[in-house]
Each structure stands twice: as structure tokens, then as C-alpha cells.
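# Descriptive structure summary
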Amino acid sequence: MIEGVTATEETKSTKAATTLAGDLDAFLLLLTTQLQNQDPLSPLEPTEFTGQLVQFASVEQQIATNDSMEKLLELQNASLASAVVGFIGTEVVGDFGGKLPLQDGQAKFEYTLSNNASNVVMTIMDDKGKVMFTKAGDTSAGTHEVVWDGKDGNGLQVEDGEYALSITPIAFQGSTVDSKTRIYATVTGVSMTNGTTLDANGVSIALDKIDTVKEHKNTGGS
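Here goes a summary of the coordinates provided. Predicted, not measured: the structure shown is a model, and the values here were computed from it.

## Let's talk about the overall build of the protein chain
The helix and strand tally for the protein chain stands at two helices and 12 strands. When its helices and strands are written in sequence order, the protein chain yields α-α-β-β-β-β-β-β-β-β-β-β-β-β. Looking at the protein chain residue by residue over its 222 residues, the buried ones come to 30%. Relative to all contacts within the protein chain whose residues are 6 or more apart in sequence, the contacts with residues 24 or more apart total 73%.

Here it is in C-alpha cells:
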């Protein structure tokens, strides 16, 4: 679902222009009253109100510039929305900050070890911190692909949605091992509420977190 700015919303520049118009009217009314009631023998100095008029003109010009920028941004967002709609139905891969989407009863991820490890613990938890899945992973250096079948420790199928993935490698004594995790997700929608993000069954994915886009293919395994 794409959510954007509707035509009925009043922009910041429109509000500013309305406020400025009211302030300018009040200023001109005050200036006219002062001129009508000034002492002919001691007329008002024009320097002050001339400076104020210049300031009003400067602010008005800035508001016009902001209005043009807002319209340009709206066009850019609309163009971006049209472009990212093409992501729907594709499979994206990247580091999503540990957010793992379970879709159609399945979740897929991979982890890469810099060196051999003595042990690797894979843990998946729900939004309440309850462990849904935990298993020892492959300990050899390199990339390892894993597919979770969406079943908890009791063999019961859990609901689709967002889960938290943690990969913890344990190094051999006297050695170090780093790990990098990449998560797979099928894009089901696009949101433009707070910037443009992709949606994978309720999991929000920022565009800058994606490093690969490919045609979606069903996978199996565990």
C-alpha cells in the first residue's frame, strides 16, 4: 500500500504565506494610520518602515522558494513511489538489523563467518523475547544459508510476522571470528508514511539496507 501526501493537505509554505499576508496587512494598516496622524512639522522617518517593507519582501521571496521546493519534493516522491512499486513481489536481501520476516510459514537467512568457530548458536525470538527457534549452526568459515520452517521448539507452527534473529559465533581459544548476517524477504507492499520503505508482511525494510534484489522463488529446507 502506498501512502502519500493528499491534495487537500496544506503545506508549510502555504501556512507561512497566509500568516505573512496577515502580518503585512496589519503592518500596512498601522503605517497608514501613522502617516495620516503624523505631525506635519515633524514627519516620520521613512528609514524604519522602509526596512520593514524590505524584510517583508525578503520573507515573501523565501516562502515562494520554499513552496517551489515543496512542489519539487512532491513530484520526486511521486516518481520514487512509481519506481519502488516494482519491488512488490521481488525477493530482497540485506542486513535488516536482525528483523526476520516469517512469510507463508517460512523464513530464510544466511550468515558468514570470517574464520572457523568452535560453536555457532542461531536464535529466533518473537516480539516479547520468547525463543521460537534455536539451533547450532555450521561452524566452518564462509557463508551458510538457513531456512526456518516457522515451527517453535514444540514443533508447532507460529504465525507469520516479524521475528528477531541472532547469530552468535564462539571462537576457538586464541582465535577470533566475526559474523555477518543477511536476511531474505519477499516484498508485499510499499509505505511512504515516514520516508519510503518496503514492507514484507509487516516488516519494514529501509531501501538503503537492501544489497540484492532478485526474482522471488520458493525455497525449502531447514
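Having put the structure on the table, let's press on.
## Some words on the side chain of Gln103
Checked against the element boundaries, Gln103 lands in the loop between β2 (99–102) and β3 (107–113). Owing to a relative accessible area of 11%, Gln103 belongs among the buried residues under this scheme. Within the structure, the side chain of Gln103 is placed 2.7 Å from the side chain of Asn201, a separation counted as a polar contact. Those residues within four positions of Gln103 in sequence are excluded, and the remaining contacts are Asp160, Ala185, Thr186, Thr188, Ala200 and Asn201.

## Let's talk about the sheet that holds strand β11 (residues 203–206)
In space, the three strands of this open sheet follow the order β9-β10-β11, with antiparallel pairing throughout. With partners counted over all chains shown, the strands left at the sheet margins are β9 (189–191) and β11, one partner each. On average, each strand axis in the sheet is tilted by 35° relative to the strand beside it, whichever way the strands run. Two strands pair when backbone bridges link them, and β9 and strand β10 (residues 197–200) are joined in this way by three bridges, in the antiparallel orientation. Bridge pairing in β10 places Gly189 opposite Asp199.

## A short note on the pattern of salt bridges
Under the defined criterion, the tally for this structure stands at four salt bridges. Among the ionic pairs, Glu145 bridges to Lys108, the shortest N-O distance being 3.6 Å. Of this pair, Glu145 sits in strand β6 (residues 142–148) while Lys108 is found in strand β3, placing the two residues 37 residues apart along the sequence. The class of Lys108 is buried, set by a relative accessible area of 11%. Residue Lys128 is joined to Asp127 by a salt bridge in which the shortest nitrogen-to-oxygen separation is 3.8 Å. For the pair Lys128 and Asp127, one class covers both residues: exposed.

Thresholds, definitions, all that
- Throughout this document, residue positions are counted from 1 along each chain, in the order its sequence is written.
- The predicted nature of this model means local features are confined to residues of pLDDT at least 70 and side-chain atom pairs, given and counted, to a pLDDT of 80 or more, with totals for whole chains, interfaces and linings taken over all residues.
- With hydrogens and water stripped out, all remaining heavy atoms of the structure feed into the side-chain values.
- Note on conventions: DSSP H or I runs of at least 4 residues are helices, E runs of at least 2 residues are strands, and numbering of each starts at the N terminus.
- Three exposure classes are used, based on accessible area relative to the maximum for each residue type with a 1.4 Å probe and protein chains only: buried under 20%, partly exposed in between, and exposed over 50%.
- Two residues form a contact once any of their heavy atoms are found within 4.5 Å.
- Any N or O atom pair separated by 3.5 Å or less is treated as a polar contact, with the protein-specific requirement of one donor-capable and one acceptor-capable atom, and with residues adjacent in sequence counted only for side-chain atom pairs.
- What makes two strands pair is DSSP finding at least two bridges between them.
- Between the N-to-C directions of two axes lies an angle of 0 to 180 degrees, each axis being a line fitted to C-alpha atoms and, for a helix, fitted only over the stretch in contact.
- We count a salt bridge whenever a side-chain nitrogen from Lys or Arg sits within 4 Å of a carboxyl oxygen from Asp or Glu.

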